[in-house]
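Architecture at a glance
Here's the letter readout for the chains.
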Amino acid sequence: MSKYKLIILRHGEGAWNKENRFCSWVDQKLNSDGLEEARNCGRQLKALNFEFDLVFTSVLNRSIHTAWLILEELGQEWVPLESSWRLNERHYGALIGLNREKMALNHGEEQVKVWRRSYNVTPPPIDESHPYYHEIYNDRRYKVCDVALDQLPRSESLKEVLERLLPYWNERIAPEVLKGKTVLISAHGNSSRALLKHLEGISDEDIVNITLPTGVPILLELDENLHAVGPHQFLGDQEAIRAAIKKVEDQGKVKDSKK
Amino acid sequence: MSKYKLIILRHGEGSWNKENRFYSWVDQKLNSDGLEEAQNCGKQLKALNFEFDLVFTSVPNRFIHTAWLILEELGQEWMPVESSWHLNEHLYGASIGLNWETMALNHDEEQVRIWRRSYNVTLPPTGESHPYCHEISDSRYKVCGVTLDQLLRSEILKEVLERLLPYWNERIAPEVLKGKIVVISAHGNSSRALLKRLEGISNEDIINITLPTGVPILLELDENLHALGPHQFLGDQEAIRVAIKKVEDQGKVKQVKK
């Protein structure tokens, strides 16, 4: 019997989504499609009469702007919003900024799929020679975290994403849900997947096949122990959602015309 | 020697500012001028290399949007923002939605100036039949325990300070004392109330203080959080003088209508 409802969502498109590049911890802005996706998400939630008590985001601006646009659509800008690095997108290490299609050509679709979708394969770490290293680690937002700058990840598997996310879920978010607060989590593809894996009890093997479309509110109903009472549900036009999922899945594939 | 710095700013224009109508707690969106003012404010703060730690706003959306636009200009959207009704504009009672110019025609400019700026002269309260009553008795105020009776009143500046002060003492001042750089995005009267307190401005002198919209106001404080000198407006001083005059002129009857 569902006792609590949680809304999780993956922010909309940024410029690098269209270029198929791993954005990860680089602070890309939403593009115009992404902004519109966020507003649609807000309209969807408004039509369903959602009234949020609390919003959680990562410290990356695309998740925050998504939340802001949703709150604006709902007329709920005043709802408290909290940002944490622990909800950040998965850290893709040395692969940050690289194009998925090129990687698929060089390493094969399967290797790319493993890097993107496996549970415990960690990409090579980012180092100071990487073009985005200083842009990330010189930013003040990473100097005021609950861990020291040098303890923050330099690369992550999905398993490692869950390991740094779980304390935040347990200590900050879950207690609010248990108080009966309606919570919105505006996050990223992999941080959302990691959380769903935990709450739905999805296996390490099955998580590879879970794809989350951008800008679609995901409803998870939870029991009194905060376990999912059923699979997550995408809210909105189901045909459009299927097309959106396929678009994300195709990002890892080499286009037929280039073979 | 200044130990702490505080930035206060009055939100940019909404459509009612252009019509000179009393916003009070009614939730008007920023108009295009207001949006631009907020962005310019952010650019100003960015050029001065201001790094904040915390932003406090009142609850109506125009203050929150002002804060968001500033954070976006600074690339610091991740900064914590806290909204509280304690920082809201003062309740204008039955005068909500009305226009200073109409009131200046019906009373006189000096009376209007006193109503706008005085410390302890009250306007008539509103009632449930007031067109904006239901709009301001919104769920966000139920969440913070503000009753309908409290919303129907009108407040004098003295009462704005009385409900703002506990919030300053309990939430904001402790953060400033930890060395955090705080921005308060509020509106004309709650900003004036706070400056009155921190600078020790008298009940008589506060009438003459006008704050322009969208201009960052810097206050430097000593170790007891008392102002070390008068507040300073950051930015082009000539443009600021024009902006102050614009706000002051809202209470006057336009010459062309005489």
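Here, the structure is the one placed above.
This section reports on the structure supplied with the text. (Residues numbered from 1 in each chain as written. Chains lettered and ligands numbered in written order. Predicted model: local features only at pLDDT ≥ 70, side-chain atom pairs only at ≥ 80, totals over all residues. Heavy atoms only, no water.)

Applying the stated criterion to the full structure yields 10 aromatic pairs over all chains. With 6.3 Å between their ring centres and 35° between their planes, Phe50 of chain B and Phe52 of chain B make a pair best called tilted. The two residues Phe50 of chain B and Phe52 of chain B agree in class, both being buried. Ring-pair connections join several aromatic residues into one group, and the members of that group are Trp25, Trp85 and Tyr142 of chain A. (Phe/Tyr/Trp six-rings, centres within 6.5 Å; stacked < 30°, edge-to-face > 60°. Buried < 20%, exposed > 50% of the residue type's maximum accessible area, 1.4 Å probe, protein only.)

Checked against the element boundaries, Gln76 of chain B lands in the loop between helix H3 (61-74) and strand E3 (81-83). The contact partners of Gln76 of chain B, leaving out residues within four places of it in the chain, are Arg140 of chain A together with Phe50, Glu51, Phe52 and Leu71 of chain B. (Helix = DSSP H or I, 4+ residues; strand = E, 2+ residues; numbered from the N terminus. Contact = heavy atoms within 4.5 Å.)

Glancing now at the pattern of salt bridges. Throughout the structure, instances matching the rule amount to 26 salt bridges over all chains. Across the pair Lys5 of chain B and Glu220 of chain B runs a salt bridge, and its minimum N-O distance is 3.9 Å. Here Lys5 of chain B is found in strand E1 (residues 4-10), whereas its partner Glu220 of chain B is found in strand E5 (residues 217-221), with 215 residues between them in sequence. Classification of Lys5 of chain B as partly exposed rests on a relative accessible area of 36%. Across the salt bridge formed by Glu175 of chain B and Lys178 of chain B, the nearest N and O atoms sit 3.3 Å from each other. One salt-bridge network, held together by shared partners, links Glu82, Arg172, Glu176, Lys179 and Lys181 of chain A. (Salt bridge = Lys/Arg side-chain N within 4 Å of Asp/Glu carboxyl O.)

With that out of the way, let us pick up the interface of chain B and chain A. Contact with chain B, which involves 21 residues of that partner, is made by 17 residues of chain A. Summed over both partners, the interface of chain B with chain A comes to about 1600 Å²; 59% of that surface belongs to carbon and sulfur atoms. One can count four salt bridges joining chain B with chain A. At the boundary of chain B with chain A, the tally comes to six residue pairs in polar contact (both at pLDDT 80 or more). (Buried area = accessible area lost by both parts, 1.4 Å probe. Polar contact = N/O pair within 3.5 Å; in protein donor to acceptor, adjacent residues only side chain to side chain.)

On to the pairing of strand E5 (residues 218-222) of chain A, then. Residues and elements named next belong to chain A. Most of E5 is tucked away: four of the five residues are buried. Here strand E1 (residues 4-10) pairs with E5 via five bridges, running antiparallel. Along E5, the bridge assignment pairs Tyr4 with Leu222. Pairing of E5 with strand E6 (residues 233-234), which is carried by two bridges, proceeds in the antiparallel orientation. Bridge assignment links Leu219 to a residue of E6, and that residue is Gln233. (Pairing = 2+ DSSP bridges.)

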